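Here are the chains, one letter per residue:
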Amino acid sequence: MRFVFVILLLIIAVPASAQSTMDEWIATSQQQSSAGNFADAAISMSHAQELYEADGGTDPFFLADLVYYRALFFYRAGDRATALEILDGVGRFDPPLLNRLPEFDMIRAFAYEELGAFGSAGTSFQSAATWMGMGSWSDRFTTSQTATIQLRGLHASARASFFVTEENNLLPLVEQLEIVEQSTGLPFYLGRLMRLNVVEYLGRALEARDGYLDLALQAPSDVSARALKAAALIDWRLGAPGTAAKSARDALDIVGLPRSDAIVMEALLFLAERGTELTDGDAARVLEWATDLGAMIGQEGVKLNEPMGALLELIYLLFDLVETLPDEAIHISPNQFDADFLREDVFFDDAYLQRLQYDIRLRLATFYERSGYPEAARENYMAVWRWPNAHGPESARALSGLGRVGMVVEGEIRRDAALSSSFFRDAFGTAEYALRSLPARQSDRLKRQIADYTAIMEQAIDAGFEALEASPPIRPCDASGCRQSSTFFFPWLAGTFDGYVGLDQGGSYPDQLETAFRQIQTVRHSEAGRAIAAMTERLSTGDTALAELLRRRDGLITARAVADAAGLSGRAEVLQLDAEIDTIEATLQADYPDYSSQAAMEPLTLEQARTLLQPDEALVMYLATARGLHVFAITTDAVVWHRADITRDWLRETVDRLRQQLDPTQTVRGSFSMTPEVEETPAFDLSLAHQLHGVVLGGVVQHLPQDGTLLIAPDDVLQTLPYGVLVSQPVADATPHAEVPWAIRDHAFATLPVAASLKSLRQDAGRSTGAVPFLGVGNPRFDAQAHLVDLAPLPETADELRQLDRSIAGGDGLLLLDDQASIPALSQAQPSDARVIAFATHGLLGGEVEGLGEPALALTPNADGQGGYLLASEIAQLSLDADWVILSACNTAAGPTTDSTEGLSGLARAFFYAGARKLLVSHWPVQSDATVALTTTMFATLAEEDGTGADGVRSARALRRAMLSMIETPGTPRWQHPSAWAPFVVAGG
């Protein structure tokens, strides 16, 4: 109606001499535009303007309307260049065409926006909003319309910003969006999409991804399709191609998805299905899509930035996929790849396309580096490093890349240890900050980012060690010189070890070691370590609610991951779970401000670690990287750092070989039926065990307390092997086991999930105040139907628990045996009152028995045949106050499933959560009779020294003594084999 009214005004305003001609052109233009034929309508309106001006017409209001509709029709016809040319010419009119200034700027803004000139678009939107709120112009526009145009201007300016920031770009847009959403009848969904776009420009991909999916549930189809496409691309980038494919399918199901976006979604689905198995035919199909997108650029009616962006997205998908291929499958030379579209000036006005551009440049740099073109790699790494909108992932990868290939300094390529270490240290700091800022609830989404960051962090640690090698500290001089190598030894105090540099002398070494110690701790993540933090905070405050909150939150996060993997169809459940998680996290923040809910515990400082140790103890941390195995040891006298020159593959293969030789042939407490006893023992490769000893301890053992206790924080596959089975001196393979120089003869060993657990356990946990000195659960009655497997009976466990009861409680403890070894009886026994709890039964991993999805202890089933397993999730819900939990069962030091790589993350983690300060856990299926001898001897030793042995060091020594007694028992040769005496370790310090 407004258009018809304006047409009538135009007719009335035409001079009489041109009346009939103007009437015809304007009527024709009206008919053409009403039919959607804007190109012809624009031509007709052009004729009308020409006639009016030729006849000498000068009415500025009339001319303004003619120019406005002429420019509008050209714009609606997709001819943005002509529309802008018309608007650029309005300055020639005198008097000026003031009546249409807001509309002129709006057309400019929309045209610039569709051409991808977001800086100009932002300026024009803001100018239009200014005119719309002034003088007589304000009568034509509502406050809401003005606010909406201003919102679009803020978004365009953010997308064009040279440096996108929360303060300058996101917050103003959010404030304006609140104003718009208070109005009714406005497309506020578009405003929410704009806000999420800016969040993505800021590099907050996870937050943007969740927001896009939430918006897709509520928005009209066009906005929903754009949101789903954006979510799919983020999921792909975060290593979740399956979920990305679900969002892509949902987007393609929406009618009206622009063809350029549809091509990208089709390509994503195709590549997700093919994975890395692309054929030549598949490559041709991808090239077809790229050709189609290229042909769209410049087509009439197609927004220029849409096919350009889609082409970049398609290239990104391919680069991201190819990056996962092995080195031998990749060879890209600078001559083969035309990267003109990656020039820094191509997308200077578009933050989104810049982000795609620099993501591609990062991957291209990696390809060049892997293909042997460091100069080309360096150019791309430096471009990303200089990019002002680079955030955590981009900056960290670029910095680490420069650490490897060097940089140009005053026209020369510089790559030395000091510069590399500096780059890697900055990369580590960037990655560490990004990692700590990632939300814990996005556990599955974080996996790829954590893997990327971990690789960068490991490179930083290697670079720090190599910086020491380049400028090594001194040592006592001999024929080979006065400088240290391979193993670096630093006394705390100068003069305590003649010829060595003391850390109290200052210089750069203390800072280098402090940095390395913090970095190694940061890389070593542990679910069990987080459980210990929760346990100690709860025990130190006496508040059982904390553990319950954390258990509930973990359960919700697990459920969230399942719902989130369903994509849009699981989004409603995700929102509900998020609300519950938000409530818990708010309570944690308000009621437990000292508890950190980060995935990693706060690292110790060197001085903190030193003060936590006794003179006969050492804290020994491990980290396996691509360059070797780092061994970092701290004693009350010195700090030692060594790197063994081995590969991860060698380490894993070696440990796996030794583990295979430790599987017992006797009755075991695991998912195995009773087998006849045999006196033969499996062969154990003593030479290989000695070789491994040289790798994991040989470089530092001379600096560790002799006959002392080593508190081990292992890494990678070392988490699956107790150090006592290593052999400290070369021996013949035929050497009797009773004469082998096992590492357990030299040291006692205790295992820590992470180094920071030492502070939690020694300073914060305190001692149990339970009224029941000992609670033993064992010799359960097994039912093959209830347990889904034929489990061997364990009658000897009753005697084991009775002996433990006598040693620990003088016979005054509580025993749950036979039918009483059940979950209901355990609940009635109030385990929260027990200072020491022992389970002597079969232990199983998740997936080890069909139908069992998590670790469990086998107990007596109920009368109805149910309740035969005490699950890890049920254990975590117990409220314990125990100095000790003894898990005299199989695989209790293992991860949650048979293919887990993280030790102490299954049953052990559950008991830490429940409130156990220390655990006695096993690394493999244990021999039942040997276990009885080991545990009873250990706790009899502890009873002689200090009751329950709440101190982890005395506990490790007592375990060592029990192991040595088995090795040196001549009457039972098979007990001398490490499979019998070595499976158990003390977990906790």
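The structure reproduced in this document is the subject of the present report. Because the structure is predicted, anything quoted here is derived from the model rather than measured.

**Brief notes about the overall build of the protein chain**
For the protein chain, the helix and strand inventory stands at 37 helices and 19 strands. Scored against the burial criterion, the 989 residues of the protein chain give a buried share of 57%. Sequence-distant contacts, at least 24 apart, represent 71% of the contacts inside the protein chain between residues at least 6 apart. With the model as given, the accessible surface of the protein chain reaches about 39,000 Å², and the carbon-plus-sulfur share is 51%.

**So, the sheet that holds strand β5 (residues 487-491)**
In spatial order, the strands read β5-β8-β7-β6-β9-β10-β19-β18-β17-β13-β11-β12; together these twelve strands make up an open sheet with mixed pairing. Edge positions in the sheet fall to β5 and β12 (814-818), since each has one partner strand and no second. Between one strand axis and the next, the sheet turns by 20 degrees as a mean value, whatever way the strands run.

**Considering the state of the cysteines**
A covalent bond between the sulfur atoms of two cysteines is referred to as a disulfide. Under the criterion given, the structure shown has one disulfide. For Cys-477, the disulfide goes to Cys-482, at an S-S distance of 1.7 Å. Every disulfide takes its handedness from the sign of the S-S torsion; for Cys-477 and Cys-482 that torsion is 120 degrees, giving right-handed. Taking the relative accessible area as the measure of exposure, Cys-482 reaches 31% and is therefore partly exposed.

**Concerning the side chain of Ser-224**
You can see Ser-224 is positioned in helix α12 (residues 221-237). Overall, the relative accessible area of 6% leaves Ser-224 in the buried class. Those residues in contact with Ser-224 that lie beyond four places of it in its chain are Ala-216, Ala-219 and Ile-254.

**What to know about the pairing of strand β6 (residues 617-625)**
Burial runs high along β6: nine of the nine residues are buried. Residues Glu-617, Leu-619, Met-621, Leu-623 and Thr-625 point to one face of β6 and Ala-618, Val-620, Tyr-622 and Ala-624 to the other, with burial holding for every one of them. Both β6 and strand β9 (residues 709-713) contribute to a ladder of five bridges, which runs parallel. Bridging from a neighbouring strand, Leu-619 pairs with Leu-711 of β9. Alignment of β6 against strand β7 (residues 628-634), held across seven bridges, turns out to be antiparallel.

**Comments concerning the packing of helix α17 (residues 351-370) against helix α18 (residues 374-386)**
In contact at an axis separation of 8 Å, α17 and α18 are set at 155 degrees when each is read in the N-to-C sense. Put simply, α17 runs roughly antiparallel to α18. Crossing of α17 against α18: the hand is left-handed. Contact residues: α17 offers Tyr-358, Arg-361, Leu-362, Leu-364, Ala-365, Thr-366, Tyr-368 and Glu-369, while α18 offers Ala-376, Ala-377, Glu-379, Asn-380, Tyr-381, Ala-383 and Val-384. Looking at the contact of α17 with α18 residue by residue, the classes come out as ten nonpolar, two polar and three charged.

**Details of helix α22 (residues 509-523)**
Its 15 residues give α22 an end-to-end C-alpha distance of 21 Å, which sits within 8% of 21 Å, the value for a rise of 1.5 Å per residue. Most of α22 is tucked away: eleven of the 15 residues are buried.

**With respect to the packing of helix α19 (residues 392-405) against helix α20 (residues 417-437)**
Running from N to C, α19 and α20 cross one another at 160 degrees; their axes reach a closest spacing of 8 Å. Regarding the angle of α19 to α20, the classification is roughly antiparallel. Where α19 crosses over α20, the two elements pack in a sense that is left-handed. Residue-level contacts link Gly-392, Ser-395, Ala-396, Leu-399, Ser-400, Leu-402, Gly-403 and Arg-404 of α19 to Ser-420, Phe-423, Phe-424, Asp-426, Ala-427, Thr-430, Ala-431 and Ala-434 of α20. Here the contact of α19 with α20 is built from residues that sort into eight nonpolar, six polar and two charged.

**A word on the pattern of salt bridges**
According to the stated counting rule, one finds 44 salt bridges in the structure shown. Among the ionic pairs, Arg-204 bridges to Glu-166, the shortest N-O distance being 3.1 Å. Residue Arg-204 is located in the loop between α10 (188-201) and α11 (205-218), and its partner Glu-166 is located in helix α9 (residues 166-181); the two are separated by 38 residues in the primary sequence. For Glu-166, a relative accessible area of 37% corresponds to the partly exposed category. One salt bridge in this structure joins Asp-707 and Arg-960, with 2.6 Å as the shortest N-O distance. Note that Asp-707 is positioned in the loop between α28 (686-698) and β9 and Arg-960 in helix α36 (residues 952-967), a separation of 253 residues in sequence. A cluster of three or more residues bridged by salt bridges with shared partners is formed by Arg-209, Asp-210, Asp-214, Asp-235, Arg-560, Asp-564, Arg-571 and Asp-578.

**Quick notes on the sheet that holds strand β16 (residues 869-871)**
Sheet architecture is open: three strands sit in the order β14-β15-β16, paired in antiparallel fashion. Across the chains shown, the open sheet's two edge strands, defined by having one partner strand only, are β14 (843-844) and β16. Where strand β15 (residues 856-858) meets β16, three bridges bridge the pair, whose relative direction is antiparallel. Counted as the bridge partner of Ala-856 is Leu-871 from β16.

**Observations concerning the environment of Ala-431**
If you trace the backbone, Ala-431 turns up in helix α20. Accessibility expressed as a relative area gives 0% for Ala-431, which makes it buried. Separated by 25 residues in the primary sequence, Ala-431 and Ile-456 place their C-alpha atoms 7.5 Å from one another. Residues contacting Ala-431, with those up to four places away along its chain left out, are Ala-396, Tyr-453 and Met-457.

**Some words on α12**
Its 17 residues place the ends of α12 24 Å apart at the C-alpha level, agreeing with the 24 Å of an ideal helix rising 1.5 Å per residue. With 14 of 17 residues buried, α12 is to be regarded as a mostly interior element. At the exit of α12 stands Gly-239, carrying a positive phi of roughly 80 degrees.

**Quick word on the nonpolar core**
If you look at the biggest cluster of nonpolar residues, it comprises 215 residues, and the most contacted ones within it are Leu-619, Tyr-622, Leu-629, Phe-632, Val-696 and Met-938. Element by element, the count of residues in this core is highest for α17, at eleven residues. The contacts of Phe-632, once residues within four sequence positions are left out, are Leu-513, Ala-516, Phe-517, Ile-520, Leu-606, Leu-619, Val-620, Met-621, Val-639, Val-640 and Trp-641. Counting residues in each nonpolar core, the second largest holds 46 residues, with Tyr-52, Phe-62, Tyr-112 and Trp-137 among its members.

**With respect to the packing of aromatic side chains**
Here the structure, examined in full by the defined rule, presents 24 aromatic pairs. Relative to Trp-641, the ring of Phe-465 has its centre 5.2 Å away and its plane inclined at 75 degrees; by these criteria the two rings are edge-to-face. Pair noted here: Phe-465 is in helix α21 (residues 443-470) and Trp-641 is in strand β8 (residues 638-644), with a separation of 176 residues, a long-range link. Given a relative accessible area of 1%, Phe-465 falls into the buried group. Residue classification places Trp-641 among the buried positions, given a relative accessible area of 1%.

What counts and what doesn't
Residues numbered from 1 in each chain as written. Predicted model: local features only at pLDDT ≥ 70, side-chain atom pairs only at ≥ 80, totals over all residues. Heavy atoms only, no water. Helix = DSSP H or I, 4+ residues; strand = E, 2+ residues; numbered from the N terminus. Buried < 20%, exposed > 50% of the residue type's maximum accessible area, 1.4 Å probe, protein only. Contact = heavy atoms within 4.5 Å. Areas by Shrake-Rupley, 256 points an atom, 1.4 Å probe, with all protein chains shown as cover. Pairing = 2+ DSSP bridges. Axes fitted to C-alpha atoms, helices over the stretch in contact; angles between N-to-C directions. Disulfide = S-S within 2.5 Å. Parallel < 35°, antiparallel > 145°, perpendicular 65-115°, else oblique. Left-handed = near helix turned anticlockwise from the far one by under 90°. Nonpolar A, V, L, I, M, F, W, Y, C, P; charged D, E, K, R; others polar. Expected span 1.5 Å × (residues − 1). Salt bridge = Lys/Arg side-chain N within 4 Å of Asp/Glu carboxyl O. Core = buried A, V, L, I, M, F, W, Y, C linked by side-chain atoms within 4.5 Å. Phe/Tyr/Trp six-rings, centres within 6.5 Å; stacked < 30°, edge-to-face > 60°.

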